[in-house]
Amino acid sequence: MTTQTLHVPSACGDCPIRHRAVCSHCDHDELLELEEIKYYRTFEAGQTIIWSGDMMSFVGSVVSGIATLTQTMEDGRTQMVGLLLPSDFVGRPGRDGAAYNVVATTDVVMCCFRKKPFEELMARTPHIAHRLLQMTLDELDAAREWMLVLGRKTAREKIASLLSIIARRDASVAAKGNAGPTTFDLPLTREAMADYLGLTLETVSRQISALKKDGVIQLEGKRHVTIPDMRRLMEEAGDDSDGGFLN
């Protein structure tokens, strides 16, 4: 896919993340204000969106696609520390510089807001600030959950956890119900999954094959995933049905 084939919303009403984004509680007049300070940007897979330490002139949300947050150590080693999925917010109001590299893993569309006007709007619109606080706390919860995934789970549980996280987010953004099988296109290559999970490529491939053989997932090609029973996948991940961890 190239950036020319990406769908860029024509207006807020056409936005697929509208119900989850930082603007989800905005009224008509507030959306008009946001329209005046926003613009869309597209990035090709592999392109750096933000370099760590760069001054940021914008904040915004991922509309479609997936990006990674990475940190580079002084000796050049790089660690993937997070994923940005549709509706996730990029940048921090009140902070001038970027804390991480942000790299497009797939082709990405972003809805960007000029930083200073957004900060001014947020200061006089409490529910925008409140929504951003909710999203930041959700991000903190996700980071803590991921510490457990990386530190305590087996390779099979790590793969199942990542698949369940992506599946639940895909269903939430698309406002899909919970009934029936869950299907989605896996946005990460197996190499990227290995990097993110701290596993070898061979281990990732072996565990995906094992989950497929055991009927936990179905695969069409390498990317199109069907989960017949989300409860079973979450059990494989060590999670219960509401996202908590099983004892």
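**Q** Please give an account of the pattern of salt bridges that cites residues and values.
**A** Side-chain pairing between opposite charges can occur once the charged atoms of the two side chains come close. Tallied over the entire structure, the rule returns nine salt bridges. With a shortest N-O distance of 4.0 Å, lysine 115 and aspartate 96 are connected by a salt bridge. Here aspartate 96 lies in the loop between strand E6 (89-90) and strand E7 (101-104) and lysine 115 lies in helix H2 (residues 115-124), a separation of 19 residues in the sequence. Two residues, aspartate 214 and arginine 156, come together in a salt bridge whose shortest N-O distance is 2.9 Å. Residue aspartate 214 is found in the loop between helix H6 (201-213) and strand E10 (218-220), and its partner arginine 156 is found in helix H4 (residues 155-173); the two are separated by 58 residues along the sequence. Residues participating in the shared-partner salt-bridge network are Asp96, Lys115 and Glu119.

**Q** Just give me the short version of the layout of surface pockets, but keep the residues and values in it.
**A** Think of a ball as big as a water molecule: rolled over the atoms, this probe shows where empty space is left. Taken as a whole, the largest pocket spans an internal volume of roughly 1400 Å³. Lining the largest pocket are 43 residues, with Leu83, Asp138, Glu139, Ala142 and Ala143 positioned closest to its centre. Among the elements of the structure, strand E5 (78-84), E6, helix H3 (126-152) and H4 are those that each provide at least two residues to the lining of the largest pocket. With 14 residues, H3 is the largest single contributor of residues to the lining of the largest pocket. Residues belonging to the lining of the largest pocket are distributed by class as follows: 25 nonpolar, seven polar and 11 charged. The computed volume of the second largest pocket comes to approximately 360 Å³. In terms of lining residues, the second largest pocket is bounded by 14 residues, among which Gly65, Pro86, Asp170, Asp185 and Pro187 are the most central.

Criteria and cut-off values
Residues numbered from 1 in each chain as written. Predicted model: local features only at pLDDT ≥ 70, side-chain atom pairs only at ≥ 80, totals over all residues. Heavy atoms only, no water. Salt bridge = Lys/Arg side-chain N within 4 Å of Asp/Glu carboxyl O. Helix = DSSP H or I, 4+ residues; strand = E, 2+ residues; numbered from the N terminus. 1 Å grid on protein atoms, 1.4 Å probe; cavity = no way out; pocket = protein on both sides within 12 Å on 5 of 7 lines; lining within 4 Å. Points joined across faces, edges and corners; volume = space filled by probe spheres on them. Nonpolar A, V, L, I, M, F, W, Y, C, P; charged D, E, K, R; others polar.

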